[in-house]
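# Summary of the model geometry
Now for the letters of each chain:
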Amino acid sequence: MTNQSRRNLLKTGGMAALTLGVGAIGVGVGAVGLSGKARAADTLTKTVSDGIPSRRNLAGLEVSSIGLGCQGLGQNMYGVPQPSRAQAMKLIHQAVDHGVTFFDTAEAYGPFESERVVGEGLKPFRNKVLIATKFGWDIDQQTGQRTGGLNSRPAHIRQVVDAMLQRLQTDRIDILYQHRVDPDVPIDEVAGVIGDLMKQGKVLHWGLSEAGENTIRKAHAVQPLTAVQSEYSLFFRGREKDIIPLCGELGIGFVPWSPLAMGTLAGYVDENTRFAADSSQDLRGIIPRFAPDAMRQNMRLIRLVKKWANQKLCTPAQFSLAWLQAQQDFIVPIPGTSKGYHLLDNLGADDVKFSPEEMQQFNRELNRIHIVGLRLPESVLQFSEAK
């Protein structure tokens, strides 16, 4: 069975789950898995049938081994229109029904709309799930107007958190990240404000996103961090030399965003793909690594992933997520999607395991490939990796 056939199987099952209820997908996929010729489908979709991904710990906080990135539920993402409120509710409920307990959003997504959707969708399950959100951009909490800059001033953080609690329809935020480090506000001052919010019960845990080593150490010394978020995937492995080892040293969880490289590692992009010129519709159109010349070189990685996915009887997305999980037991990827069948595909990664010999062989082949192009536009990178 080809990867495309397996994706179609998941897509068909995912649509059935959205239309008929998630119980149907477990029966349908299980039945396919019992046939001899479809044993590959049984292997890759076992998590879909079981419905409960395993659990991992972020500095002692237990979460599902794969979370759900919810940015695309509040805005257009990578050429995919924002789903309707009803579609977004179905996806969130489907994720909960399949054992996802970790949902990631931010004030900047929409802005505000992703938080509103997540709050509404998770309200019936609030005591069974964990919500992570992020502050740090200079966004007017009344109008949503952005200045394009950062704002982690203490008074602004407090104002943002109160607004978040209303949008999320909750009395606490499970993990509150600083979305980007504000060079105008010392990180120990930010950590102190978070500590105050924790004492008030408004914030239970906190983390940093796209922060550098020194910033993480300083913040952790004032108020211990639960998680650090940064881009990490087979397409961008830069954090293997600095942030991931640091998280292991300090006992902090690591949450990769864009673990499928904006859909590339799921097999939906190739050297012939062209993206919308309007970056508000598809950011990949202005990211150097997705330029045609770069993609012609970067397709070596996609071909490698597809080859190994075929060998492991799984989809490229499942292989890519499973590889991330295999790097450290404190890594919890949060792939985003607005489609039920992609959600089920991603959750199947939990069943893909590697022998030591397989991991060594794949990594040898992986290390021969050089990815061409910056991971983000320079205008965005200037806000990342603050030391």
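Criteria and thresholds
- Residues numbered from 1 in each chain as written.
- Predicted model: local features only at pLDDT ≥ 70, side-chain atom pairs only at ≥ 80, totals over all residues.
- Heavy atoms only, no water.
- 1 Å grid on protein atoms, 1.4 Å probe; cavity = no way out; pocket = protein on both sides within 12 Å on 5 of 7 lines; lining within 4 Å.
- Points joined across faces, edges and corners; volume = space filled by probe spheres on them.
- Helix = DSSP H or I, 4+ residues; strand = E, 2+ residues; numbered from the N terminus.
- Nonpolar A, V, L, I, M, F, W, Y, C, P; charged D, E, K, R; others polar.
- Phe/Tyr/Trp six-rings, centres within 6.5 Å; stacked < 30°, edge-to-face > 60°.
- Buried < 20%, exposed > 50% of the residue type's maximum accessible area, 1.4 Å probe, protein only.

### A word on empty space enclosed by the protein
Counted according to the given criterion, the structure contains one cavity of 30 Å³ or more. Taken as a whole, the largest cavity holds about 30 Å³ of empty space. Residue lining of the largest cavity: Ile66, Gly67, Leu68, Val100, Pro335, Thr337, Leu343, Asn346 and Leu347, and that is the complete set. Looking at the lining of the largest cavity element by element, the count peaks at three residues for helix H13 (residues 340-347). Grouping the constituent residues of the lining of the largest cavity by class yields six nonpolar, three polar and no charged.

### Observations concerning the packing of aromatic side chains
Per the counting criterion, the structure on display carries nine aromatic pairs. The interplanar angle of 40° and the centroid separation of 6.4 Å between the aromatic rings of Trp308 and Phe319 together place this pair among those described as tilted. Pair noted here: Trp308 is in helix H11 (residues 292-312) and Phe319 is in helix H12 (residues 316-327), with a separation of 11 residues, a long-range link. Accessibility assignment for this pair places Trp308 and Phe319 in one class, buried. The interplanar angle of 75° and the centroid separation of 5.6 Å between the aromatic rings of Trp308 and Phe362 together place this pair among those described as edge-to-face. Of the two residues, Trp308 is situated in helix H11 and Phe362 in helix H14 (residues 356-366); the sequence distance between them amounts to 54 residues. Side by side, Trp308 and Phe362 carry an identical accessibility label, which is buried. Each residue in the set Trp308, Phe319, Phe354 and Phe362 is aromatic and connected to the rest through ring pairs, giving one cluster.

### Some remarks on unusual backbone geometry
A cis geometry characterises the amide bond from Gly110 onward to Pro111, with omega recorded as -5°. Summarising the element assignment, Pro111 is placed in the loop between strand S4 (102-104) and helix H6 (113-122). Even without a glycine there, the phi angle at Gln169 is positive, about 55°. For Gln169, the location among the structural elements is in the loop between helix H7 (154-167) and strand S8 (173-178). For Ser258, which is not a glycine, the phi torsion comes out positive at approximately 50°. Inspection of the secondary structure assignment puts Ser258 in the loop between strand S11 (253-257) and H11. Given a relative accessible area of 12%, Ser258 falls into the buried group.

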